[in-house]
Amino acid sequence: MITSNWNKTASHMWKNSKRRTKRYVVFLCTFLTIYLFNFFLPRLMPGDPFSHNAAYSGQDMQGLSAEDLERLRAYYGLDKPLLVQLLNTIKANLKLDLGQSILYKKSVAEVIKARLPWTLYIMLSTLIFSLLLGLILALSALENGKRDSLIYKSMSLLAEIPSFLLGIILLFFVAAKVDWLPLAGNLTPFYRHGSVVEYVLDVLRHSLLPICALTLNLTPQFYFTARTSLLNIRTKDYVLNAQAKGLNQKIIRYKYIMLNALPPIVARFFLSVGTCIGGTMLIENVFNYPGLGMVLRDAVMYRDYILIQGVFLLSATVVLCASLFSDIINNYLQKD
Amino acid sequence: MNKKLFTYLAILLVMFIISAYGSLFYPHSAVRPNGPSLEPPSRDHILGTDDLGTDIFAQISKGFFTSLFVGVATAFLAMFLGGSLGLMGGYLGGKTDLFISFLINLFLSLPQLPVIIVAGAFLGQSIINVIFIIALFSWAGIAKVVRAKTRQIRENTYLQLARSYGAGFFYLFKKHLFADIFPLLLINSLAVVGKAILQEASLAFLGLSDPLARSWGLIINKAMNFSAIYYTNYWLWWLLPPVFSLVVTLYCLRLLTREIENIVYRSEL
Amino acid sequence: MAAPIALEINSLTVNYNGGFTLHPLTTTVQEGEIVAVVGESGSGKTTLAKALLNLLNRQATVSGNVKIFGEDIFTLPPKELEQKRSVEFAICFQNSFDLLNPMLTIREQISEVLRKTYPAAQINTKLMQLLEQVDLEAAVLNKYPRQLSGGMLQKVNIACAVALKPKFIILDEPTSSLDYKSVEKILALIKRLNRKDRISFLIVTHDLSLAKILSERIYILYGGKLVETGATAEVLAKPGHPYTMGLISSSMEINPFRDIWGIRRPETETESKGCPFYGRCTQSIPLCTTSMPELEPYRQDSRRFLACHRGGIITVLAGKNITKTFGQETVLQKLNLEIRAAEVVALVGRSGVGKTTLAQILAGYLPCDTGELFFTGKTADFTKLHRTKGGIQLVFQDPHTAINPSFTVAEAVLEPLQIIFKKADHEALQKNLKEVGLPTTSAFLEKPIRQLSGGQKQRLALARALIMEPKLLIADEPTSMLDASSKANLLRLLKSLQNSRGFSMLFVTHDLVAAAKISNRIYLLENKTQLKEITDPAEIAPFFH
């Protein structure tokens, strides 16, 4: 056993580096697939894509003007060979040029730059609050069977209500009844904020309910992950061994149970970026919160294809990067 | 037999009967205006009318079938796609499996809602398109479990032995794979029903689903877009019923799935 | 002056709702003593180890009490108990890859223990000393558990247990993952700590040889019940409990020369009320199924205790002061010997020394001049013993003269039953022929004996003896007429029949090697007055030349 140890370690390291390489390859392939999907989507539509869809517009769909259609055709360069189109797109994208929005009469990059911070703010707050809340709930019930079953049941109930319905419920049962909570928007319109504090308070006031609705929906995910992980780690031999060694309860709790329970929770955090981005886009539309979700909806309504593609490419990239981070951080935590 | 299972099925059945009444025998149409607009609930209009004068109860009844149709059709598609791809990957192994695994991971790592929105925007928003698009982004979860299970079964000696006797794929599938994979496929496909209903409702809420199909999401969308909704009582009968129906349906489906999962899991013990 | 008591266990009982039980156990361990707890997997030895330090999970119901240096482990406030761990007593669990926190370095995990006593400034020195003691290089300190081999992890765990030199240490299979060189180092460490620091050890193991090397006292556990205890050397040399004897016969480490034979599988389900070993025991009586035997003093030895309704392994046949003269010549003089239940005893000697005479006296076919013979404690009534089942049967040296050559096979084997019970039991005939490896076809049954080969005749003689289901089988040179291959087959057959049926056997031979292979003990008949008993196979090694 001793002689084989160094071989074991070496092969272990080799396997690790192989796994690491594989991870990056998969990430790259996934990104390429999404990029190509995004590129080909408008070009795969039957007939002349833009007139086709304009004709199909429903009650709320606005038709595109002849001028807009002209501009779209020019942007996509549909008359050139496919490869040239692709190369031109890549060249432009590398310069962060995502095209010109028809709806906003601005570059897509500019539109995104203006709206992205609001979406990120909602998303990150939600993720952090849910993580903390889920973790605290799981920890608080660890030694208490009755409380555990109560929390478990209420979390299972909560997990099933979709966030945008939660948002609507909050909107009508809370915001409509409480004076100081706004019904929509990110800031009080046409109001000049006297100081930074006032501005911050205004932002917080407007974002309270959207974040609440999303957090209520996301917390169960973190709670379940944390609970399973903690319960699993608690029965490990090394925890019993730590007790047998007479280590301090705090050390056992934090350095033995918590530290080892962390990787799945961290993974959950990054994987939740994917679910959270969808939830945020919906909740923004419930509360008319001017983030990317509303941009995307408006872009679809007005058939602003260039904008749609820009927003999609960005959100897909964010989610992909999050899952890559999750992998990297987890491997670091597990001392690979 | 299982009490809980019956309760959930009974609730769904009651919803089905009420909706069937609302769609077949109720005097008002769900698509055409048929009365004064913004009527409160009355004997004539059980849940009143919307801003165009269309009866809300009729819309909700029709919405139940829209949701059910979307959910079941999507689940079938996803079941077929995920089941066959998962089985192929797990059974064939090698390059095919590598490719299928990549596809599974790709679809699992995509942010579903944005992709569905974008695909819907480009491909058009008929209800059939919506079903296809949601199914396209739901099969991966099914394929993943089916592939893992198939691989696990494939490792068993009895399968290797049967193959050494010359058994073909269809024999193996019928005798050795089906019994283990079917419950798994069923449970995961059942889960897709609920998810698909929710996704269609989300799309409709954004106004991105089929504007002609009366779905619950669409009613919610209309109600929310009615500017005076916050300051009047209309939301009580216009907004709450579709929200409530959606939540109850999703709950029942979820609990039903979990109960069936319990039964299957227990019988395996 | 008596040494202080390190460990005092008072009717410690463990119950799991799953049904597993540790039966009430009461004992003490002195300061500076090394005791071993030995048992097969599932015997409850690890449960006992955990219970002693109050480490069982909540599913277990524990009663009774445990005192370590006078402190009651079960009533001590949790905070104090936590402080005493590693400082006053410690445990090193059975090695696994899961015993150390995968997130912390080895340095951190040993230091955690050291910090309980030593100030930060001394930790490094102490770390180095510990590593030296358990024979690990300093390079392991900055590694994580998953980077170490099983043997290295085991050493780290032992280092943690002995780090603060607690006065009482439990080691669960301390050498299971170590190579033989490391085993030597760890054994030396345990002995040194025991001698220099008077640390008491409780060694939990399934390995009898480890117990033999390390411990002064031994506890044999079976099915959660303490069945035998005593000084290790004595228990291993003269086991009192049938289970202990079985353990010894199955141990490869104890038996480097002898064949190993596992304890026979249970014949019947053990009732929970009765003795846990009942189903596998070869000497059980009805009482064994209904009541649990208590631990009682054994053989007037103040340190030995035994839990067996039969008072331990019974002596099937004992001969005292056996003297035999033929005319003027004294052939045997004042010989003493005993054969215990389920034991194979070899009687070895040069030809002409009187083995056959002694065997025939023991079998009751030749009267002795003076001396007494006892069968299961009572004076042997050979007429009865020969004629009832469960008695004594002899297989004679020469199979050609032992069976009437004109008999058929069936007639020959059935003869004893025919004479005694006046009826032929054909089922028993089939069974016994099959077991000795002879055909059971009607053609073979009708075959006259004279047509059989020597080997077949010997097997037939064996079958005829076995049909009486003897408690003691005396086989006089059963292999002397056979070629090497038949001899090997017959020896293995005899031993396996003995092992599965559980009778005792006296195997008379001039062949010391064969004796060493299959017997538990050897009586070496050197001359008419000298009958030397050999229990340790190593003792016969010189005779091989």
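Residues numbered from 1 in each chain as written. Chains lettered and ligands numbered in written order. Predicted model: local features only at pLDDT ≥ 70, side-chain atom pairs only at ≥ 80, totals over all residues. Heavy atoms only, no water.

Engineer: Break down unusual backbone geometry for me, citing the residues and quoting the values.
Structural biologist: We note that Asn288(A) has phi near 50 degrees; this positive angle belongs to a residue other than glycine. The backbone of Arg198(C) shows a phi angle near 50 degrees, a positive value even though the residue is not glycine. Among the secondary structure elements, Arg198(C) is positioned in the loop between helix H6 (180-196) and strand S8 (200-205). On the basis of relative accessibility, which here comes to 39%, the residue Arg198(C) falls in the partly exposed class. (Helix = DSSP H or I, 4+ residues; strand = E, 2+ residues; numbered from the N terminus. Buried < 20%, exposed > 50% of the residue type's maximum accessible area, 1.4 Å probe, protein only.)

Engineer: Describe the nonpolar core, and please don't skip the residues or the numbers.
Structural biologist: Of all hydrophobic cores here, the largest spans 126 residues; its most connected members are Ile168(A) and Met224(B). Here this core takes 11 residues from helix H8 (residues 169-205) of chain B, the largest share from any one element. With residues near it in sequence (within four places) discarded, Ile168(A) still touches Val286(A), Phe205(B), Ile220(B), Met224(B), Leu239(B) and Val243(B). Of all hydrophobic cores here, the second largest spans 58 residues; its members include Leu100(C), Leu127(C), Ala159(C) and Ile199(C). (Core = buried A, V, L, I, M, F, W, Y, C linked by side-chain atoms within 4.5 Å. Contact = heavy atoms within 4.5 Å.)

Engineer: Break down the sheet that holds strand S22 (residues 530-534) of chain C for me, citing the residues and quoting the values.
Structural biologist: Residues and elements named next belong to chain C. Strand order in the open sheet made by the six strands is S18-S19-S20-S15-S21-S22, with mixed pairing throughout. Only two strands of the sheet have a single neighbouring strand rather than two, namely strand S18 (392-395) and S22. In this sheet, adjacent strand axes meet at a mean angle of 20 degrees when their direction is disregarded. The sheet contact formed by strand S21 (residues 521-527) and S22 spans five bridges and is antiparallel. In the sheet register, Leu525 faces S22, and the bridge partner there is Leu531. Running over the sheet, helix H18 (residues 484-501) touches strand S15 (344-348), strand S19 (472-476) and strand S20 (504-509) and is turned about 160 degrees from S20. (Pairing = 2+ DSSP bridges. Axes fitted to C-alpha atoms, helices over the stretch in contact; angles between N-to-C directions.)

Engineer: Requested: an account of the arrangement of the chains, with residues and values cited.
Structural biologist: Taking contact number as the criterion, the leading pair out of two pairs of chains in contact is chains A and B. If you take every C-alpha in chain B and every C-alpha in chain C, the smallest gap between them is 17 Å, and the two do not touch.

Engineer: Break down the interface of chain B and chain A for me, with residues and values.
Structural biologist: Note on interface size: it is often stated as the accessible area lost on association of the parts. Taken together, the contacts link 43 residues of chain B with 50 residues of chain A. Of the roughly 4,100 Å² buried between chain B and chain A, counting both surfaces, carbon and sulfur atoms make up 78%. The interface formed by chain B and chain A includes one salt bridge. A salt bridge links Glu160(A) to Arg254(B), with the nearest nitrogen and oxygen atoms 3.2 Å apart. The interface formed by chain B and chain A holds three residue pairs in polar contact (both at pLDDT 80 or more) in total. For the side of chain B that touches chain A, the secondary structure elements donating two or more residues are helix H3 (94-109), helix H4 (112-123), H8, helix H9 (216-225) and helix H11 (240-268) of chain B. A breakdown of the residues in the side of chain B that touches chain A according to their chemical character gives 31 nonpolar, eight polar and four charged. (Buried area = accessible area lost by both parts, 1.4 Å probe. Salt bridge = Lys/Arg side-chain N within 4 Å of Asp/Glu carboxyl O. Polar contact = N/O pair within 3.5 Å; in protein donor to acceptor, adjacent residues only side chain to side chain. Nonpolar A, V, L, I, M, F, W, Y, C, P; charged D, E, K, R; others polar.)

Without other data, these values stay purely geometric and don't point to any function.
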